[in-house]
Each structure stands twice: as C-alpha cells, then as structure tokens.
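Descriptive analysis of the structure
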Amino acid sequence: VAIVPKELVSSLSAAVTTSWRFLSLEDAAEDDVKAAVAFSPDYVQIVNHSAISDALSRLTSGRLLQILMTGYDTLDIDSVPPRFAICNVHNAGTAIPEFVLAAVLSWNVRLPQLDSDFRSCTWRDGPSRCSRPPMHREAKGQTVGLVGFGAIGRGVAVRAAALGMRTVAVVGRPPASPPPPL
C-alpha cells in the first residue's frame, strides 16, 4: 500500500502494473494506513508540520517518504521517524532551469509591466494614448548566481550560456576538477 495525493490515485493505479495499491490518506481505512509502506504527501501536508507528523505516526509500517517536488526544505525533518527513507524528485534539471530562465527574461523585458501597458492602451484609443515601450534590458552579459551546481544548477548554467550570460556557482563540496566552460 502507498498513500498518495488523491489526485494521483487513479493515474498511478492505471500506470503501475504490480500489486501496489494506491490510496489517498482521506479515503484509506485505518488498517491500510497502518500497512502502508510508502507515503507521498501533498504540499499542504508537507508544510503543515502537525499534519505531516500525525500522518507519519499513523503509518506504522512506513519505510519511504517520497516528496513529490524538488528539495525538501519545507519538510520538518525532525518530525520524520528514523524508519523512513526520505526521497525527493530528481530529473528536474529541465523544467526548473527553463522556469528560471523564463523568469530572467520576464524580468529583463519587464513582461508584467508590458502586458499591463498593452492592455490599458488599445488601438481603438488612437495613437495619443499609446506610446512605444522603452527598450528592455538584455540578458546577454548579465551574471547568474547559483547556490549549488547539481542537475538544476548545471541546467540553468547551460541555458544561461546560450543567452550569453555568465554563471557563478557556490557549492558546499567543491568538485575535484572545475566544470568545463560553457
């Protein structure tokens, strides 16, 4: 038995062809909760320290706490019983770096302000209300600072290099040799 967010029960049950049963915490019988070996809380449960602590104490057979996001900084590690292995999502080295670079471009272009200005100035109002937006900053030549240089940091660095940006990374354990230039 694995306890997972309610919205994932049907898709996991359809995709996994083993004897695993997937149940949501709110729909599982107490015996199923006690027998569950794996628990994947949703975000609301993770950030609510009393909720996650209560759920983990009910999973008396629990061995795996699977966090369905990158990192686990919102999890109160001290509330996790030592019998649980804690895992988080890996392979976020594409989606998150793309989001980071989208944010960099949005900031440089001032996308929210451009959108607001465009919506307040329509072609029907005539040329007197509509002015040309100011030139935007360019990402080229800017520096991106990274804390960590794992899959996400490397993904950001590769994408930033494609835009002509410089990357500086701080790591807890320096590599044996520096990464190759991008």
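Look above for the structure.
Quick look at the structure, then.

About the criteria used
Residues numbered from 1 in each chain as written. Predicted model: local features only at pLDDT ≥ 70, side-chain atom pairs only at ≥ 80, totals over all residues. Heavy atoms only, no water. Helix = DSSP H or I, 4+ residues; strand = E, 2+ residues; numbered from the N terminus. Rg over C-alpha atoms; globule rule 2.2 N^0.38 Å. Buried < 20%, exposed > 50% of the residue type's maximum accessible area, 1.4 Å probe, protein only. Areas by Shrake-Rupley, 256 points an atom, 1.4 Å probe, with all protein chains shown as cover. Lys, Arg positive; Asp, Glu negative; His and termini not counted. Charge placed at Lys NZ, Arg CZ, Asp CG, Glu CD. Pairing = 2+ DSSP bridges. Contact = heavy atoms within 4.5 Å.

Helix and strand content of the protein chain: 7 helices and 7 strands. Along the protein chain, helices (α) and strands (β) appear in the sequence β-α-β-α-β-α-α-β-β-α-α-β-α-β when read from the amino end. By the compact-globule yardstick of 16 Å for 182 residues, the protein chain is too spread out, its C-alpha radius of gyration being 23 Å. Dimensions of the protein chain along its principal axes, counting C-alpha atoms only, are 70 × 55 × 35 Å. Burial analysis of the protein chain (182 residues in total) assigns 27% to the buried set. By element, 59% of the accessible surface of the protein chain is carried by carbon and sulfur atoms, the whole surface being about 12,000 Å². Here the protein chain carries 17 positive and 16 negative side-chain charges, and the mean point of each set is 11 Å from the other.

Here we take up the sheet that holds strand 5 (residues 85-87). Paired through their backbone hydrogen bonds, the strands of a sheet run either parallel or antiparallel. Spatial ordering of the open sheet is given by 2-1-3-4-5, a layout of 5 strands whose pairing is parallel. Sheet topology places strand 2 (22-23) and strand 5 at the edges, where each strand pairs with a single neighbour.

Before going further, it helps to examine the environment of S11. Locating S11 in the fold gives a position in helix 1 (residues 9-15). Its relative accessible area of 41% is what places S11 among the partly exposed residues. Separated by 11 residues in sequence, S11 and F22 place their C-alpha atoms 9.6 Å apart.

Turning to the side chain of N108, a few remarks are in order. Looking at the secondary structure, you find N108 in helix 5 (residues 95-109). A relative accessible area of 1% means that N108 is categorised as buried. What N108 contacts, discounting residues up to four positions off in sequence, is H136, R137, E138, A139 and Q142.

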